[in-house]
Amino acid sequence: MAVTGARTFKNFIGGEGFDAVSGETFESTSPADGETLGVFPKSGAEDVDRAVAVAKQAFEEWRLVPAPRRGEVLFRFAQLMTEHKAELTELMTHEMGKVKAEAGGDVQEAIDMSYYMAGEGRRLWGQTTPSELRDKFNMSVRMPIGVVGVITPWNFPIAIPSWKIAPALVCGNTIVFKPATDTPLLGEKFVELLVEAGVPAGVVNVVHGGGGAVGDRMVRHPDVPVITLTGSRDTGVQVMRNAAECLKHIHLELGGKNAIIVLDDADLDLAVDGILWSAFGTSGQRCTAASRVIVQDGAYDALASRLVSAAEQLRLGVGWDDDTDVGPVINEGALEKIHSYTQIGIDEGAKLLTGGEVASGNGLDKGFYYRPTLFGDVDPQMRIAQEEIFGPTTALIRVKDFDEAVRVSNGIRYGLSSSIFTRDVNKAFRAMRDLVAGITYVNAGTIGAEVHLPFGGTKDTGNGHREAGQAALDVFTEWKSIYVDYSGKLQKAQIDTAT
Ligand code: NAD
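Residues numbered from 1 in each chain as written. Predicted model: local features only at pLDDT ≥ 70, side-chain atom pairs only at ≥ 80, totals over all residues. Heavy atoms only, no water.

(A) Structural detail: the overall build of the protein chain. Secondary structure summary: the protein chain contains 15 helices and 21 strands in total. Over its C-alpha trace the protein chain gives a radius of gyration of 24 Å, about what one expects of a compact globule, namely 23 Å for 499 residues. Referenced to the eigenvectors of the C-alpha coordinate spread, the extents of the protein chain come out at roughly 80 × 65 × 40 Å. Put simply, of all contacts in the protein chain between residues at least 6 apart along the chain, 74% involve residues at least 24 apart. (Helix = DSSP H or I, 4+ residues; strand = E, 2+ residues; numbered from the N terminus. Rg over C-alpha atoms; globule rule 2.2 N^0.38 Å. Contact = heavy atoms within 4.5 Å.)

(B) Structural view of the packing of helix α1 (residues 45-62) against helix α7 (residues 211-220). One way to put it is that α1 packs onto α7 with a least axis distance of 8 Å and a crossing angle of 45°. Considering the angle they form, α1 stands oblique to α7. Relative to α7, α1 is oriented so that their crossing is right-handed. Of the residues in α7, those touching α1 at A45, V48 and D49 are V214, R217 and M218. Looking at side-chain class alone, the contact of α1 with α7 contains four nonpolar, no polar and two charged residues. (Axes fitted to C-alpha atoms, helices over the stretch in contact; angles between N-to-C directions. Parallel < 35°, antiparallel > 145°, perpendicular 65-115°, else oblique. Left-handed = near helix turned anticlockwise from the far one by under 90°. Nonpolar A, V, L, I, M, F, W, Y, C, P; charged D, E, K, R; others polar.)

(C) Structural view of the nonpolar core. Counting residues in hydrophobic clusters, the biggest one holds 97 residues, and the most contacted among them are M117, L169, I175 and V378. L303, A304, A310 and L364 belong to the second-largest nonpolar core, a separate cluster that totals 30 residues. (Core = buried A, V, L, I, M, F, W, Y, C linked by side-chain atoms within 4.5 Å. Buried < 20%, exposed > 50% of the residue type's maximum accessible area, 1.4 Å probe, protein only.)

(D) Region of the structure containing the site of the ligand. Around the ligand sit 27 residues, and of these T152, S232, T235, L254 and E388 come closest. Measuring from an oxygen atom of the ligand, one finds a backbone N or O atom of T152 at 2.7 Å. S232 has a polar backbone atom sitting 2.8 Å from an oxygen atom of the ligand. Relative to its unbound accessible area of 850 Å², the ligand is 88% covered by the protein chains. Put simply, the parts of the chain that give the shell around the ligand at least two residues each are α7, β10 (226-230) and α8 (233-243). Examining the composition of the shell around the ligand, we find that four residues originate from one element, α7, more than from any other. Its residues placed into classes, the shell around the ligand shows 13 nonpolar, 10 polar and four charged. (Near = heavy atom within 4 Å. Polar contact = N/O pair within 3.5 Å; in protein donor to acceptor, adjacent residues only side chain to side chain. Areas by Shrake-Rupley, 256 points an atom, 1.4 Å probe, with all protein chains shown as cover.)

(E) Broad picture of the pattern of salt bridges. As enumerated under the stated definition, the model contains 27 salt bridges in all. Residue R398 is joined to D297 by a salt bridge in which the shortest nitrogen-to-oxygen separation is 2.9 Å. Here D297 lies in helix α10 (residues 297-313) and R398 lies in strand β16 (residues 393-399), a separation of 101 residues in the sequence. Residue classification places D297 among the partly exposed positions, given a relative accessible area of 42%. It is possible to trace a salt-bridge network through shared partners that takes in R69, E72 and R122. (Salt bridge = Lys/Arg side-chain N within 4 Å of Asp/Glu carboxyl O.)

(F) Structural context of the environment of F190. With respect to the helices and strands, the residue F190 is situated in helix α6 (residues 184-197). F190 gets classed as buried once you look at its relative accessible area, which sits at 1%. Expressed as a C-alpha distance, the spacing of F190 and M240, which sit 50 residues apart in the sequence, is 27 Å. The residues contacting F190, other than those within four sequence positions of it, are F77, I158, P161, S162 and I165.

(G) Highlighting the packing of helix α13 (residues 402-410) against helix α14 (residues 425-434). Two numbers describe how α13 lies on α14: the axes approach to 11 Å, and their chain directions differ by 25°. By the angle between their axes, α13 is roughly parallel relative to α14. Note that α13 runs across α14; the crossing there is right-handed. When α13 is examined against α14, the residues F402, D403, V406 and N410 are found in contact with a partner set consisting of K427, R430, A431 and D434. Per-class residue counts for the contact of α13 with α14 are three nonpolar, one polar and four charged.

(H) Structural view of the sheet that holds strand β15 (residues 373-376). Reading across from one edge, β14-β15-β16-β13-β12-β18-β19 is the order of the seven strands in this open sheet, with mixed pairing throughout. Each edge of the open sheet is held by one strand with a lone partner, namely β14 (351-354) and β19 (439-442). Mean inter-strand twist for the sheet, computed between neighbouring axes without regard to direction, equals 25°. One ladder, built from five bridges, connects strand β12 (residues 258-262) with strand β13 (residues 290-296); its direction is parallel. Bridging from a neighbouring strand, I260 pairs with V293 of β13. Those strands touched by α10 are β12, β13, β14, β15 and β16, and its axis lies near 145° from that of β13. Against the sheet, helix α11 (residues 332-348) contacts β14, β15 and β16, and its axis sits at roughly 20° relative to β15. (Pairing = 2+ DSSP bridges.)

(I) α1, seen in detail. Here α1 spans 25 Å end to end across 18 residues, near enough to the 26 Å set by a 1.5 Å rise per residue. Inspection of α1 places D47, V48, A51, V52, A55, A58, F59 and W62 among the buried residues, and these make up the whole buried set. Seen from one end, α1 has its buried residues packed into an arc of 135°, which puts them on one side. Seen from the buried face of α1, the exposed residues on the opposite side, beyond 90 degrees, are Q57 and E61. (Expected span 1.5 Å × (residues − 1). Arc of directions from axis to C-beta.)

(J) Region of the structure containing unusual backbone geometry. Although it is not a glycine, L124 adopts a positive phi angle of roughly 40°. Looking at the secondary structure, you find L124 in the loop between α4 (100-120) and β5 (127-129). Residue L124 is classed as buried on the basis of its relative accessible area, which comes to 18%. For L247, which is not a glycine, the phi torsion comes out positive at approximately 50°.

Right under this line is the structure:
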């Protein structure tokens with residue numbers, strides 16, 4: 001279906017454009033005002049198969065390109081993204097909806113990651129170790145694995161592809177990339193710049209379409225040995241199950257139900273700023289968003305009233321407007337889900353302190369806007385305190401002391417980000433030790449990761465891997481141990497002992 005004014009895009013395979021074999025398409029529309037931004041192929045299994053075959057062939061050449069040269073391509077990519085940062089930022093405010101400052105941050109994260117991984121081209125360190133035998137040399141090296149299936153969500157449409165594609169490429173793998181169907185245009189732009197940076201044909205391929213068709217075929221394809229997916233817990237479970245037959249490597253970054261702890265001795269001004277930013281930034285649609293605020297009794301009333309008045313001052317609107325604090329949520333389904341949790345909270349007996357409604361008027365009816373929502377008197381076992389809402393809703397939970405705060409913070413199935421506001425250094429260190437999460441912030445909200453540290457979570461947030469930092473390399477390489485015997489005779493480990 002062609003749409004007037006909106007460009008039609010193709011899958012990108014082996015450096016060429018292809019329509020979906022089925023001929024079907026879908027549209028990308030702005031959650032801010034409903035504008036149609038592009039038309040994309042609604043692909044299926046045959047399209048994936050074509051891309052995988054090309055990527056498999058390209059791997060045989062790309063794996064032999066010296067890693068420092070592969071890193072230089074990423075360096076150029078980072079430079080190009082810097083040149084195009086303003087344009088990518090503007091596009092993100094339209095296609096994904098986040099406000100300009102945050103969209104710029106999303107692009108900057110991809111720039112940082114690409115520079116960082118460019119440097120890995122000259123490291124990719126293994127180990128050298130002594131041998132237990134004479135005249136023998138031992139080392140371990142990282143080997144590329146093959147075709148990596150990259151499946152991404154819509155909430156960080158430039159940053160998350162970079163977290164996966166940059167390390168996968170520097171390690172020598174080739175890519176089949178399926179962007180989220182809510183943000184395919186940003187996926188396109190990302191790959192256009194990679195190609196301009198010098199990625200050879202076939203090394204990065206894009207197949208657009210839904211998770212059930214394109215994603216699922218990637219997950220089941222025998223020639224895709226690695227899947228890296230960021231998405232919801234339910235999707236992660238399905239992917240692991242569907243990949244089991246092929247025993248492939250699965251890297252999952254899943255949901256969160258992150259909490260900020262505020263103790264009696266905290267700097268409340270700082271805590272309010274941290275909570276607003278973490279709960280309502282990106283309209284609460286971050287995996288690290290603070291959807292619970294655990295407050296010690298003595299600070300509870302003051303914090304609650306300050307949060308309510310601050311939340312009510314936040315301006316809703318289109319992300320490209322400089323005055324906007326909170327943009328839309330991603331689509332109608334998300335708006336309905338978020339609103340249904342407001343009703344669930346009320347039915348469970350939580351106290352709605354502010355928000356709790358779809359925002360309208362002043363042009364907001366054209367998009368999907370939800371008022372920043374705060375619940376008070378929330379019991380830690382209520383569904384609004386246990387389930388990922390993925391919207392601008394947060395739950396205030398009252399506790400009597402530090403130990404209860406840590407217990408409540410840990411009392412969920414997820415383990416992504418955590419935070420504590422306190423001036424007590426002993427409690428801060430105990431929190432760093434006792435919060436069961438992949439990330440802990442002290443005197444900052446739950447968001448703000450930097451690309452050179454590992455990123456990911458414990459428990460149901462993932463399956464033990466980490467994105468970013470050098471930890472990311474473990475997803476995209478296999479270790480090989482190499483033994484070189486230069487003694488000129490057959491030496492047997494564990495049997496011959498060198499003296
Ligand atoms: P989603 O799980 O609906 O989709 C994620 C991606 O998986 C999409 O590209 C989708 O098309 C694809 N997919 C869906 N079903 C599939 C299947 N059966 N096989 C293969 N692929 C499939 O998630 P979403 O709504 O796009 O993103 C929001 C979720 O992502 C939230 O749960 C959020 O917490 C999580 N998230 C996690 C992190 C993290 O690093 N931990 C970061 C961002 C978002």
